[in-house]
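Close look at the chain arrangement
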Amino acid sequence: MTVLRVILADQLSTRLAVVAAADKEHDVFLMAEVMAEASYVNHHVKKIAFLFSAMRHYAQALRAAGYQVRYVALEDAGNSQSLQGEILRAVADLAPDRVVVTEPGEWRLREGFEALKLALPVELDILPDTRFLCSHDAFNAWAGDRRELRMEYFYREMRKRHEVLMEPDGKPAGGRWNFDTENRKPPKAGLKSPPRLSFKKDAITCEVLELVRRRFPDGYGRLEPFHFAVTRRQALRELDHFIAHVLPGFGDYQDAMVAGEPWLRHSLLAAYINAGLLYPLEVCRRAEAAYREGQAPLNAAEGFIRQILGWREFVRGVYWRFMPGYLEQNALEAHEPLPWFYWSGETRMACVREALAHTYDHAYSHHIQRLMITGNFALLAGLAPKAVHEWYLAVYADAYEWVEAPNTLGMALHADGGVLASKPYAASGAYIRKMSNYCQGCAYDPTVAVGDRACPFNALYWDFMARHRERFSHNARMPFVYATWDRMGVERQAGLRDQAQHHLTAMREGRL
Ligand code: FAD
Ligand code: DLZ
Ligand code: SF4
């Protein structure tokens, strides 16, 4: 019996059943670089290069281990340029008895595979993606008929279920579930990232970079220097480096932002975990071990583990529970087109310019830049959720819809009406001034709300709150906002709302 075993670009894990159950003699793996996937959004060229290089290295490792691999490169003759087309072609050529694929991380592809079942002469099995620590069934059982889904409670369940940072008596390590009050420090003077690894390009990566340069000449982003890990071995070195040199400061400076410092204390591991080069549980266990061995404080280890065991699994659960409707949501009725500066990086707002420069150069910006700079601006300016979602899906090396969409539509834009987060992450210039040093190099002044030098985040913040008063004034977490607004008086309020319109006009005319 021959089985055709399909491996997608973000499924480069040997522990998946599609791989683990393979028969070296009879089965064939199928991996395909296809234009349909490389161009359905305007992917960053580094993201395409990372995935193609990682795929080619993975295929090489499978062959070296004695497996048969049908690897279709982007420019191979006959490439149909779609995953479904390549499965059909491989079935026609190899006549397998069965096709198996691990469930993809995007609804559109799962639908595509469901439709393909009807066109195939043999059975196609879609297997669960066991890299995740919470299955669809387990998430739905937890969610049940709860009116509100809150990550914190989900996370506690996950800690217990997977016995991470738990004491033998069933209590959380350190006696608390959450050490956030000890995190979120503003950056201290001179805060820098510890030195980071940079992986040498081998012949495979050089060939891929040449391919991407040739086939995506107008693609978004800077292709080189290219420093990504492209094998599991390299990704494990990145993990080792993070645990030893970066994790100890993770909690303290989780929310800090510093000009010219894209990495700070962040792990840079999302691209590797999401592509299958690292396993989420092994990453959590390493962080826990660092704490237990006294190499990292508990606030750092717990804060980091919460992102993976908590947020990462939670957003995936939300995505599959609410798709396909989730992408269409626009609870705040935001319709403003995405301003061009998201692509060009040309804006006078230093904070936005900085986040966009990191994005363009590295296919990366850290969570607070994504949430509180580019996301916050999109929220306050009323940018259309779908356009913002397509931008986030394109520009980061770690972006796939299952994780990007809930973060963008739910966490950043509140477009899901509060499914993912109970209150919008809206902030004025005061927050950015406190948590970064960006304002020092800005054409605007974060302490000014009206006038030529007024920081756009200020008036846009108040305009946003005033626009959505009916929705948010009942939110138990926001009463002080409207009390402050009411104290301002009618004249000040009108001045702020006019100023917000002035910023929006400048944005539309490319002058912001
Ligand atoms: P670290 O800051 O070191 O965090 C550690 C790990 O925790 C990450 O590697 C990641 O696996 C996980 N993690 C942290 N926060 C989240 C979160 N909110 N949701 C899911 N996992 C999380 N993450 C993606 O992996 N892909 C995306 O496409 C993506 N899009 C985002 C879009 C927006 C608007 C926002 C606000 C966040 C998005 N995130 C996304 C979440 C988070 O910003 C990134 O995971 C993180 O910045 C990746 O960098 P890192 O590996 O250095 O993370
Ligand atoms: C993102 C991406 C890109 C750029 N190219 C490919 C590809 O050529 N072949 C492939 O199998 N997958 C690719 N992907 C990932 C998919 O678009 C999709 O995001 C994930 O498989 C979802 O799990
Ligand atoms: Fe951003 Fe406003 Fe500070 Fe400029 S002044 S960097 S726009 S927060």
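Residues numbered from 1 in each chain as written. Chains lettered and ligands numbered in written order. Predicted model: local features only at pLDDT ≥ 70, side-chain atom pairs only at ≥ 80, totals over all residues. Heavy atoms only, no water.

Under an unreviewed UniProt entry, the name given to the chain is Cryptochrome/photolyase family protein, and the source organism is Phenylobacterium ferrooxidans.

Next up on the list: the sheet that holds strand E2 (residues 28-32). Reading across the sheet, the five strands line up as E3-E2-E1-E4-E5 and stay open at both edges, with parallel pairing between neighbours. Unpaired on one side and paired on the other, strand E3 (68-72) and strand E5 (123-127) mark the two borders of the sheet. Taken over all neighbouring pairs, the strand axes of this sheet differ in orientation by 25 degrees on average, direction set aside. Across five bridges, the pairing between strand E4 (residues 98-102) and E5 is parallel. Bridge pairing links Val101 to Ile126 in E5. Where helix H3 (residues 45-64) meets the sheet, its contacts fall on E2 and E3, and the angle it forms with E3 comes to roughly 160 degrees. (Pairing = 2+ DSSP bridges. Helix = DSSP H or I, 4+ residues; strand = E, 2+ residues; numbered from the N terminus. Axes fitted to C-alpha atoms, helices over the stretch in contact; angles between N-to-C directions. Contact = heavy atoms within 4.5 Å.)

Under the criterion given, the structure shown has 32 aromatic pairs. When the centroid spacing of 5.8 Å and the interplanar angle of 70 degrees are considered together, the rings of Phe50 and Tyr272 count as edge-to-face. Of the two residues, Phe50 sits in helix H3 while Tyr272 sits in helix H10 (residues 270-275), which places them 222 residues apart along the sequence. Tyr272 sits in the buried class, given a relative accessible area of 2%. Where Trp142 meets Phe314, the ring centres are 6.2 Å apart and the plane angle is 80 degrees; that geometry is what we call edge-to-face. Here Trp142 is found in helix H6 (residues 136-143), whereas its partner Phe314 is found in helix H12 (residues 298-322), with 172 residues between them in sequence. This pair shows no difference in class: Trp142 is buried, exactly as Phe314 is. Linked through ring pairs, Phe341, Tyr342, Phe377, Trp391, Tyr392, Tyr396 and Phe457 together constitute an aromatic cluster. Positioned above the aromatic ring of Tyr67, the side-chain terminus of Lys24 is 5.0 Å from the ring centre. (Phe/Tyr/Trp six-rings, centres within 6.5 Å; stacked < 30°, edge-to-face > 60°. Buried < 20%, exposed > 50% of the residue type's maximum accessible area, 1.4 Å probe, protein only. Lys NZ or Arg CZ within 6 Å of the ring centre and 35° of its normal.)

What follows is about the pairing of strand E1 (residues 3-6). Here E1 shows two buried faces, one formed by Val3 and Arg5 and the other by Leu4 and Val6. Summarising the sheet, E1 and E4 pair through four bridges and their orientation is parallel. The partner of Val3 across the bridge, within E4, is Arg98. Bridging between E1 and E2 involves three bridges; their strand directions are parallel.

With that settled, the discussion passes to the site of ligand 3. Taken together, Met349, Ala350, Cys351, Ile432, Tyr438, Cys439, Cys442, Tyr444, Pro446 and Cys455 are the residues near ligand 3. A class-by-class count of the residues in the shell around ligand 3 yields ten nonpolar, no polar and no charged. (Near = heavy atom within 4 Å. Nonpolar A, V, L, I, M, F, W, Y, C, P; charged D, E, K, R; others polar.)

In total, this model carries 40 salt bridges according to the counting rule given. Across the pair Asp27 and Arg5 runs a salt bridge whose closest N-O atoms are separated by 2.8 Å. Of this pair, Asp27 sits in the loop between helix H1 (17-20) and E2 while Arg5 sits in strand E1, and the two are 22 residues apart along the sequence. Under the relative-accessibility criterion, Asp27 is labelled buried at 5%. Connected through shared salt-bridge partners, Arg159, Asp180, Arg184, Asp255, Glu302 and Arg306 make up one network. (Salt bridge = Lys/Arg side-chain N within 4 Å of Asp/Glu carboxyl O.)

This part is about the domain arrangement of the chain. Bring the parts together and some accessible area is lost; that lost area is often taken as the interface size. Split into domains, the chain comes out as domain 1 (3-127), domain 2 (136-199 + 230-314) and domain 3 (341-508). A straight line from the C-alpha centre of domain 1 to that of domain 2 covers 30 Å. Taken over both partners, the interface formed by domain 1 and domain 2 buries close to 940 Å², and the fraction arising from carbon and sulfur atoms is 58%. The interface formed by domain 1 and domain 2 contains zero salt bridges. Our count for the contact surface shared by domain 1 and domain 2 stands at five residue pairs in polar contact (both at pLDDT 80 or more). Of the residues forming the side of domain 1 that touches domain 2, the biggest block, five residues, is contributed by H3. Within the side of domain 1 that touches domain 2, the residues separate by chemical class into five nonpolar, five polar and four charged. (Domains from an automatic or database assignment. Buried area = accessible area lost by both parts, 1.4 Å probe. Polar contact = N/O pair within 3.5 Å; in protein donor to acceptor, adjacent residues only side chain to side chain.)

Taken together, the neighbourhood of ligand 2 is formed by 19 residues, with Asp10, Ala32, Val34, Glu37 and Gly105 sitting nearest. Separating an oxygen atom of ligand 2 from a backbone N or O atom of Ala9 is a distance of 3.2 Å. Within the contact set of ligand 2, an oxygen atom lies 2.7 Å away from a backbone nitrogen or oxygen of Gly105. Surface burial for ligand 2 is 100%, taken as the share of its 480 Å² of free accessible area covered by protein chains. (Areas by Shrake-Rupley, 256 points an atom, 1.4 Å probe, with all protein chains shown as cover.)

We now examine the pairing of E4. For E4, a buried count of four out of five residues is recorded, marking the element as mostly surrounded by other parts of the structure. Viewed along the sheet, the connection from E4 through helix H5 (residues 107-119) into E5 turns out right-handed. (Right-handed = clockwise from strand over helix to strand, strands pointing away.)

Interaxial distance between helix H15 (residues 367-381) and helix H19 (residues 456-467) falls to 8 Å at its minimum, and their mutual angle equals 50 degrees. One element, H15, and the other, H19, form an angle in the oblique class. Viewed along their axes, H15 and H19 form a crossing whose handedness is left-handed. The segment H15 lies against H19, with Ile373, Asn376, Phe377, Leu379, Leu380 and Ala381 engaging Phe457, Leu460, Tyr461, Phe464 and Arg467. (Parallel < 35°, antiparallel > 145°, perpendicular 65-115°, else oblique. Left-handed = near helix turned anticlockwise from the far one by under 90°.)

What follows covers unusual backbone geometry. For the peptide bond that leads from Glu224 to Pro225, omega is 5 degrees, which places it in the cis range. Following Met323, the chain continues into Pro324 via a peptide bond in cis, with omega recorded as 10 degrees. Assignment of secondary structure puts Pro324 in the loop between H12 and helix H13 (341-344). Phi angles above zero are rare outside glycine, and Gln81 is one such case at about 70 degrees.

With respect to the helices and strands, Met323 occurs in the loop between H12 and H13. Sequence-wise, Met323 and Met465 are 142 residues apart; in three dimensions their C-alpha atoms are separated by 29 Å.

What follows is about helix H7 (residues 151-162). Taking 1.5 Å per residue as the helical rise, H7 with its twelve residues ought to reach 16 Å, and the 16 Å between its terminal C-alpha atoms agrees with that figure. Those residues of H7 lying buried are Met151, Glu152, Phe154, Tyr155, Met158, Arg159 and His162. What you see down the axis of H7 is that its buried residues fit within an arc of 155 degrees, all on one side. Those residues of H7 that are buried lie in contact with H6, helix H11 (280-292) and H12. Just beyond H7, the residue with positive phi is Glu163, at close to 50 degrees. (Expected span 1.5 Å × (residues − 1). Arc of directions from axis to C-beta.)

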